[in-house]
Amino acid sequence: MAPQVPLAHQGPNFVESHFPPPITPPSTPSTAYNKTSTPITQDTTTGSHRLKVLIAGGNVQGLILALILHRLNVDVLVLERAHSQGVSPGCIVMGSFAVNLLEMLEILGPIAVNTQELHHLKIWDEYGTSQAEVDFRGARERYGHNGLAVNTRKLQTTLRDQLPGHCVLDGKSVVDYMQDADGVTVWCADGSCYRGAILVGCDGRDSTVRRILYEQTQELPEDEGPVPTTGMDRNLAGLTNVIAHDELIDPTTNECIFRQDWGDSQVIIGRTAPFTCWVTPMPKERKLSWMISCNYVPGTDTDNSSEVSPPSTSMNPAVLQREFVDQVRHFKFPMGGTMGDILDKSDWTEMRRVPNEKHVYHLWHEGRVVLAGEACHSLVPYGGQGSLQAMLDACSLAPLIQRALFGGGELESIVAAFESYRQERFLIAQDATNGSAGLGRLLSQQQLTSDNFAFEFDFDFDYFPAWLQRIAEIKGESIRLNTQ
């Protein structure tokens, strides 16, 4: 049995004891296994190279969980369905708390190289009239950092660079799993299979792990209610091609919006059509990351146009043009031109639909299988909470997994660890989900004006696990964190 690493505070060496220098274990076998083959098993006679935790999903949430587990000396293997890394275009907006978390995990440095601070959220109507403005510049003094706009692809690449290469396998789409008293076996679409002590489903909104978990569980929680299979794809996100430095000028500063040190997010609310546009500059690439949100809901106040219908799921450019682009083409872009000009500079192959699903699943774990991130709580993409909540899941779950495995890996201790994780995170994720939806509703109001814009952005979301609180104290961070 491997020695148990205590999770209690051990004084000034707490950070070093829990995040030691990475240990590079021997390379794992590269042989592909078909469904009838013997899976890679845990070698109980050796230590560091045993496959202890399998993670379905090499997205940001899966990679952060893998990185924390690796630094806790837990063997980990990430199974990513895509055949190449960095498949998500655009950017992720991270608030102050998410940035603080990255710093406490000691990975902010390499990530910050490809980011810019966000200082304002500026809200306009489709005619280019200013409606409201939120100034985030006080966040550094109050919370330790300003929010950041992070290139998603570079974030994924940076996180992968922190892990040994053999810890992440591409082209491994999980299609099935089977667990027993001693472990869990996972099969991938290419016929390969892998075996570990634990499977973590970090495979997003349309989680295969979650679907199988629900199918295999006979007794669902009484308060689960209807479980959505997928959300309405009412958002279209994309990325422009390179834009000249002198092409887009901020009228409030008479400067190019592609500043190298900071930027502003722009929100353009439709008056004649139920659509909202979100635009964030990415100065390192001289590109704009954008999203179009359809606020149309049949039978409600937004059902005011016979020209608009609920979006489909098609990625055909003609369909996307009709459902989204043509609806906002005339919206005036405050830095010059129209949204049509911005969208015409975009690559159709970089566009993706984003569901508008808001749901916190009640079933988070069963046996040796547990869910994390969007697999167990889907947030609408408006409040900047998706990445933070996924990271907090990882920070809560990783030490509990370590303690359960280093304590012997018995099923009873694993189930107890998973339930502790759910109890710590469920209500917080629910609050974040509702808060993000509230912000989305506010910013989609066609009658929004500066007079009725009143929203408290200081969400009570800063719930960090106790061990992370102690790291902040040891490092002397002047960060306001709620202690539970």
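Quick caveat, the model's predicted, so the values are computed rather than measured.

### Some details on the sheet that holds strand β8 (residues 174-179)
Thought 1: Read from one edge of the open sheet, three strands run β8-β9-β10, paired in antiparallel fashion. Only two strands of the sheet have a single partner each, and these edge strands are β8 and β10 (193-196). The sheet shows a mean angle of 20 degrees between the axes of neighbouring strands, taken without regard to direction.
Thought 2: Summarising the sheet, strand β9 (residues 184-188) and β10 pair through four bridges and their orientation is antiparallel. If you follow valine 184 over to β10, its bridge partner there is glycine 196.

### A closer look at the nonpolar core
Thought 1: With 81 residues, the main nonpolar core has Ile55 and Val200 as its most contacted residues.
Thought 2: Ranked by residues supplied to this core, first place goes to helix α10 (residues 386-406) with 12 residues.
Thought 3: Listed in part, the 26 residues of the second largest apolar core include Phe258, Phe324, Val325 and Met339.

### What to know about unusual backbone geometry
Thought 1: Unlike most non-glycine residues, asparagine 73 shows phi in positive territory, near 65 degrees.
Thought 2: You can see asparagine 73 is positioned in the loop between α2 (60-71) and β2 (76-79).
Thought 3: Judged by its relative accessible area of 35%, asparagine 73 is partly exposed.
Thought 4: Its identity as a non-glycine residue notwithstanding, arginine 286 has a phi of 55 degrees, on the positive side.
Thought 5: Tracing the sequence through the fold places arginine 286 in the loop between β16 (275-282) and β17 (287-294).
Thought 6: Overall, the relative accessible area of 26% leaves arginine 286 in the partly exposed class.

### Notes on α2
Thought 1: An ideal rise of 1.5 Å per residue puts 16 Å on 12 residues; α2 measures up with 17 Å between its terminal C-alpha atoms.
Thought 2: The buried fraction of α2 is high, at 12 of 12 residues.
Thought 3: Of all the positions in α2, only Val60, Gln61, Gly62, Leu63, Ile64, Leu65, Ala66, Leu67, Ile68, Leu69, His70 and Arg71 are classed as buried.
Thought 4: Looking one or two places after α2, you find asparagine 73, whose phi comes out positive at around 65 degrees.

### A word on the sheet that holds strand β7 (residues 168-169)
Thought 1: Taken in spatial order, the six strands make up an open sheet running β7-β2-β1-β11-β21-β20, and their pairing is mixed. Lying at the two open borders of the sheet, with one neighbouring strand each, are β7 and β20 (365-366).
Thought 2: The strands touched by α2 within the sheet are β1 (53-56), β2, β7 and β11 (198-201), with β1 carrying the most contacts at an inclination of about 165 degrees.

### Examining the pattern of salt bridges
Thought 1: Applying the stated rule across the entire model yields 12 salt bridges.
Thought 2: Aspartate 180 is the partner of arginine 195 in a salt bridge, and the nearest nitrogen-oxygen pair spans 2.9 Å. With a gap of 15 residues between them, arginine 195 in strand β10 and aspartate 180 in the loop between β8 and β9 connect regions that are remote in the sequence.
Thought 3: Note on arginine 195: relative accessible area 14%, which makes it buried.
Thought 4: You can call aspartate 180 partly exposed: its relative accessible area is 35%.
Thought 5: Linking arginine 205 and glutamate 374 is a salt bridge whose minimum nitrogen-to-oxygen distance equals 3.4 Å. One end of the pair, arginine 205, is in the loop between β11 and α7 (208-216); the other, glutamate 374, is in the loop between β21 (369-371) and β22 (377-378), with 169 residues separating them in the sequence.
Thought 6: For arginine 205, a relative accessible area of 9% translates into the label buried.
Thought 7: Connected through salt bridges with shared partners, the residues Asp326, Arg329 and Asp344 form a single ionic network.

### Remarks on the side chain of histidine 365
Thought 1: Following the sequence through the fold, histidine 365 ends up in strand β20.
Thought 2: Residue classification places histidine 365 among the buried residues on the basis of a relative accessible area of 11%.
Thought 3: Looking at histidine 365, its side chain comes within polar contact range of the side chain of glutamate 419, at 2.7 Å.
Thought 4: The residues contacting histidine 365, other than those within four sequence positions of it, are Leu213, Val370, Val415, Phe418, Glu419 and Arg422.

### Considerations on the pairing of strand β15 (residues 262-269)
Thought 1: Within β15, eight of the eight residues are buried, leaving the element largely enclosed by the surrounding structure.
Thought 2: Burial along β15 is two-sided: the face carrying Trp262, Asp264, Gln266 and Ile268 and the face carrying Gly263, Ser265, Val267 and Ile269 are both buried.
Thought 3: Pairing geometry for strand β4 (residues 115-125) and β15, over eight bridges, is parallel. Looking across to β15, one finds that tryptophan 124 is bridged to isoleucine 268.
Thought 4: For β15 and β16, the ladder comprises four bridges, and the chain directions are antiparallel. Bridge pairing in β16 places isoleucine 268 opposite cysteine 277.
Thought 5: Adjacent in sequence and paired antiparallel, β15 and β16 are bridged by five residues.

### Some details on helix α8 (residues 317-328)
Thought 1: Here α8 is 12 residues long and its end C-alpha atoms lie 15 Å apart, about the 16 Å a rise of 1.5 Å per residue gives.
Thought 2: Among all positions in α8, only Val319, Leu320, Glu323, Phe324, Val325, Gln327 and Val328 are buried.
Thought 3: Those residues of α8 that are buried are in contact with β12 (235-239), β16, β17, α9 (339-344) and β18 (352-354).
Thought 4: N-capping of α8 is provided by asparagine 316, with a side-chain oxygen placed 2.8 Å from the backbone N of alanine 318.

Cut-offs and rules
- Residues numbered from 1 in each chain as written.
- Predicted model: local features only at pLDDT ≥ 70, side-chain atom pairs only at ≥ 80, totals over all residues.
- Heavy atoms only, no water.
- Pairing = 2+ DSSP bridges.
- Helix = DSSP H or I, 4+ residues; strand = E, 2+ residues; numbered from the N terminus.
- Axes fitted to C-alpha atoms, helices over the stretch in contact; angles between N-to-C directions.
- Core = buried A, V, L, I, M, F, W, Y, C linked by side-chain atoms within 4.5 Å.
- Buried < 20%, exposed > 50% of the residue type's maximum accessible area, 1.4 Å probe, protein only.
- Expected span 1.5 Å × (residues − 1).
- Contact = heavy atoms within 4.5 Å.
- Salt bridge = Lys/Arg side-chain N within 4 Å of Asp/Glu carboxyl O.
- Polar contact = N/O pair within 3.5 Å; in protein donor to acceptor, adjacent residues only side chain to side chain.

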